[in-house]
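# Tertiary structure, described
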Amino acid sequence: MTDSHKESLRQAALTYHEFPKPGKLEIRATKPLANGRDLARAYSPGVAEACLEIKDDATNASRYTARGNLVAVVTNGSAVLGLGNIGALASKPVMEGKAVLFKKFADIDCFDLEIDEKDPEKLADIVCSLGPTFGAINLEDIKAPDCFIVEKLCRERMDIPVFHDDQHGTAIVVGAAATNALYVAGKRFEDIKIVSTGGGAAGIACLNLLLKLGVKRENIWLCDIHGLVYKGRTEDMNPQKAAFAQDSDLRTLDDVIDGADLFLGLSGPKVLTPDHVGKMAKRPIVFALANPTPEIMPDEARSTAPDAIIATGRSDFPNQVNNVLCFPFIFRGALDVGATEINDAMQIACVDGIAELARATTSAEAAAAYQGEQLTFGADYLIPKPFDPRLSGIVSSAVARAAMESGVATRPVEDLAAYKARLDANVFKSALLMRPVFEAAGTAARRIVFAEGEDERVLRAAQAILEETTETPILIGRPSVIDRRCERMGLEIRPGRDFKIVNPEDDPRYRDYWGSYHDLMKRRGVTPDLAKAIMRTNSTAIGAVMVHRGEADSLICGTFGEYRWHLNYVTQVLGTGNLRPHGALSLMILEDGPLFIADTHVHSLPTPEQLAEAAIGAARHVRRFGLTPNVALCSQSQFGNQAEGSGKRLRAALEILDSAPRDFAYEGEMNVDAALDPDLRDRLLPENRMQGAANILIFAHADAASGVRNILKMKASGLEVGPILMGMGNRAHVVTPGITARGLLNMAAIAGTPVAHYG
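Every residue gets a number counted from 1 within its own chain, in the order that chain's sequence is written. Where totals are concerned, whole chains, interfaces and linings use all residues; where local detail is concerned, this predicted model gives features only for residues with pLDDT of at least 70, and gives and counts side-chain atom pairs only at 80 or more. Side-chain figures throughout are based on the complete set of non-hydrogen atoms in the structure, without hydrogens or water.

In the annotation of an unreviewed UniProt entry, the chain is listed under the name NADP-dependent malic enzyme and assigned to Roseovarius gahaiensis.

Structural data, given as structure tokens:
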């Protein structure tokens, strides 16, 4: 790396921390404070009621304050990352970063506390005095052996979890990586020899946890800067190191490395040499975790042991041992059951959860976050990636279970399955809202054909469909390509065995398909030769013909290409009888609830009849999600204040809706703010026919509907489900190129619901 490149990275990091406002954290109120009534509840006199409830029962603090979801990240700055003893103030950017990780990965609020106190007993006194504020304590970057003293005193005196992440967080992730490395190597904990370098907090904690996983103490050889830790040694010793002292005449790393199965490095750069690796046992496991330069670089280790299984602390190599795989989720589980401590059972549950997740099929979200990386369980994928969204549900629920079973939970969770579902719903924002749809889809085993069957997102969705639903995916694509991509992505599914394939290049039904298509289109200019060509090259048309022939129940297409191009073939083949597109409905899942928008794609300038159909169809679909439809017809015009333009068409649509009884509330035409703010709407039109905020917005221009949809996606972090094609009897849905594998799974559930379920 050149000096100019280093300076560029340095400046980018500083800019990130300084702008648009200094630091990485801020505090936001969770309750309104807009008027005197709010003030009287938030502070005097209303606040006294909450205080008295807590005085009578201390557990009420988790009901009436933020304590139950608040963690302190505490340091004195004596051992910060690779920077050493830089002091409390200079450590603040690191502690803010840790707090951000808590929030990002587990939705846990944090205060970072940088305490200028070097004496470990005094530091423990300060931390213990802060107990009433927090639900848990995360000790961070405190030098050894002081960290052992601080943690011991705090654990003894506090009735909330105290966790030193540098020790136990590192140990848990190392334990998970070691579990899977041994699985790959065909070895067992109780049989292996371990050589470790570094006698600091992390190294000692890792060795203690490995003992609990089955390693024999006599098989652990600990070295530090002075060589082997042996019985009788007095130089630079403490009780924690002494617990691993060997009764041996050997003195150096070179002496003890012979025949080692696992090297565990938490020391410094270039401690381990290729010659050392060459002396290790067959299929050696090398965990070189020093940062930024490991004890040995992976290519050097493989120069003498090509089959070595290697992990580092760096993100630019496979198997990064990263504490973020552990600490957010062990705290999440501990806080949610009101654990009084984080004990051995909870730590081992965390190890098992992380290890098991790596052995499972890789999630689509993780694959999207790490594009280009091989995420298939094996020597180069021992532990999950930090952005795997399944970590929260799997690891936190395992920790909660262990806390309850070991008797340290003060607020046990009655239904662990429901608890895990809530955690998943917080990560997969669509999960909770989609539950009624998935339940309805589970009543019928429908066949869903995917036009773009070779697409990676479709393949991941197909795996999820087979795991989570009763539906049968059918993929259009070349079997060899699909099989190769499934294997490369680490998917368990295979064409022919787990799902059916339609191969456009060679399918025995080809003659039947082009014949069916020609019969439908022969009076619309399609010749036999053209029909044959389309059935060889156009997967959307092939899928539509399959649905038409009854070989599939619904088609999903559109992962690439223009929406109306796909819609054209869907309408040609399936738009018969009463079936015709009424509009595209997009569900936007926002922080404050769901919002449905139509028509985003089908009609550029819808007529009053088409607007009324969109409103009726949207109301019908909204009920599928267990919601009560509240429809607003949106325009620049506000209740007739503009005679022409979109308001005129919406008023005509309103007349059509008024012409027959409707089983949903609707109102218009109005601005979007009036639709979403019932107080404003009531001032503009007292006694209007809607109650509360609208949850369906019908626009008179596709440009407006699509624009709002995209703004909510990009600027309000809205998650889209859809677009749902209305009016086609659930026989086809055209998605958009930005859809994710999770989005395709959601659309499959929508397509998998029989029409009888939603009218």
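Let's pick the thread back up.
Strands belonging to one sheet form pairs held by backbone hydrogen bonds; the direction of such a pair is parallel or antiparallel. Spatial ordering of the open sheet is given by β13-β12-β11-β14-β21, a layout of 5 strands whose pairing is parallel. At either end of the open sheet lies a strand with only one pairing partner, and these are β13 (500-502) and β21 (732-734). Mean inter-strand twist for the sheet, computed between neighbouring axes without regard to direction, equals 20°. Pairing between strand β14 (residues 554-557) and β21: 3 bridges, direction parallel. Within β21, the position partnered with Ile556 by the bridge is His733. Helix-sheet contacts for helix α24 (residues 539-548) involve β11 (447-450), β12 (472-476), β13 and β14, and the interaxial angle to β14 is about 170°. In this description, contact between two residues means that some pair of their heavy atoms is separated by no more than 4.5 Å. Here the axes come from fitting lines to C-alpha atoms, over the contacting stretch only for helices, and the angles between their N-to-C directions go from 0 to 180 degrees. Runs of E in the DSSP output that reach at least two residues are strands. Runs of H or I that reach at least four are helices, and both are numbered from the N terminus. Packing against the sheet, helix α31 (residues 741-751) makes contact with β11, β14 and β21, and its axis sits at approximately 160° to β14. Any two strands are treated as partners once DSSP identifies two or more bridges connecting them.

Within the element layout of this structure, Thr197 appears in strand β5 (residues 194-197). Distance and chemistry together define a polar contact, namely a pair of N or O atoms within 3.5 Å, with one atom able to donate a hydrogen and the other to accept it when in protein, and with adjacent residues in sequence counting only for side-chain atoms on both sides. In terms of polar contacts, Thr197 uses its side chain to reach the side chain of Ser267, at 2.8 Å.

The subject of this paragraph is the environment of Thr273. Its location among the elements puts Thr273 in the loop between β8 (262-265) and α12 (274-279). Thr273 sits in the partly exposed class, given a relative accessible area of 29%. Between the alpha carbons of Thr273 and Thr304 there is a distance of 9.7 Å; along the sequence they are 31 residues apart. Any residue under 20% of the maximum accessible area for its type is buried, any over 50% is exposed, and the rest in between are partly exposed; the area is computed with a 1.4 Å probe on protein chains only.

Residues annotated by UniProt as "binding site: a divalent metal cation" (unreviewed entry) correspond here to Glu140, Asp141, Asp166 and Asn291. Classification of Asp141 by relative accessible area gives buried; the value is 4%. Leave out the neighbours within four places in its chain, and Asp141 touches Thr75, Asn76, Gly77, Ser78, Ala79, Val80, Leu81, Val94, Met95, His164 and Asp166. Classification of Asp166 by relative accessible area gives buried; the value is 18%. Those residues within four positions of Asp166 in sequence are excluded, and the remaining contacts are Glu140, Asp141, Ile142, Ala202 and Asn323. UniProt positions are given in the numbering used here, feature names are shortened, and annotations may be inferred rather than shown by experiment.

Bringing helix α17 (residues 390-405) into the picture now. Multiplying one less than the number of residues by 1.5 Å gives the expected span of a helix. Here α17 contains 16 residues, and its C-alpha end-to-end distance of 23 Å stays within 8% of the 22 Å for a straight helix at 1.5 Å per residue. On its buried side, α17 packs onto α5 (92-106), α14 (327-336), α15 (344-359) and α18 (416-427). With its phi angle positive at about 80°, Gly407 sits one or two positions after the end of α17.

Before going further, it helps to spend a moment on the nonpolar core. Note on terminology: a nonpolar core comprises buried Ala, Val, Leu, Ile, Met, Phe, Trp, Tyr and Cys residues joined through side-chain atoms within 4.5 Å. Membership of the largest hydrophobic core comes to 99 residues, with the highest contact counts inside it found for Ile137 and Phe287. Examining the composition of this core, we find that 10 residues originate from one element, helix α8 (residues 165-185), more than from any other. When neighbours within four sequence positions are excluded, Ile137 is seen to be in contact with Ala72, Val74, Val127, Met158, Ile160, Pro161, Val162, Phe163 and Phe331. The next biggest cluster of nonpolar side chains, apart from the first, holds 56 residues, and it includes Ile448, Leu585, Ala598 and Ala619.

Now for the packing of aromatic side chains. Aromatic contacts are taken between Phe, Tyr and Trp rings whose centres are within 6.5 Å, Trp giving its six-membered ring; a plane angle under 30 degrees counts as stacked, one over 60 as edge-to-face, and the others as tilted. For the structure shown, the criterion picks out 8 aromatic pairs. Between Phe102 and Phe331, the aromatic rings sit 5.3 Å apart at their centres with planes inclined by 80°, giving edge-to-face as the arrangement. In this pair, Phe102 is assigned in helix α5 and Phe331 in helix α14, connecting sequence segments 229 residues apart. Accessibility expressed as a relative area gives 0% for Phe102, which makes it buried. Note on Phe596 and Phe625: the rings are 5.5 Å apart at their centroids and 55° apart in plane angle, and the pair reads as tilted. Separated by 29 residues along the polypeptide, Phe596 in strand β16 (residues 593-598) and Phe625 in the loop between α26 (608-623) and β17 (630-634) bring together distant segments of the chain. When sorted by exposure, Phe596 lands in the same class as Phe625, which is buried. Among the aromatic residues, ring-to-ring pairing joins Phe102, Phe163, Phe327 and Phe331 into one connected group. Counted as over-ring charges are cases with an Arg CZ or a Lys NZ within 6 Å of the ring centre that also lie within 35 degrees of the ring normal. Directly above the ring of Phe327 sits Lys98, whose terminal nitrogen or CZ lies 4.2 Å from the centroid. Positioned above the aromatic ring of Tyr230 is the side chain of Arg251, whose terminal nitrogen or guanidinium carbon lies 3.6 Å from the ring centre.

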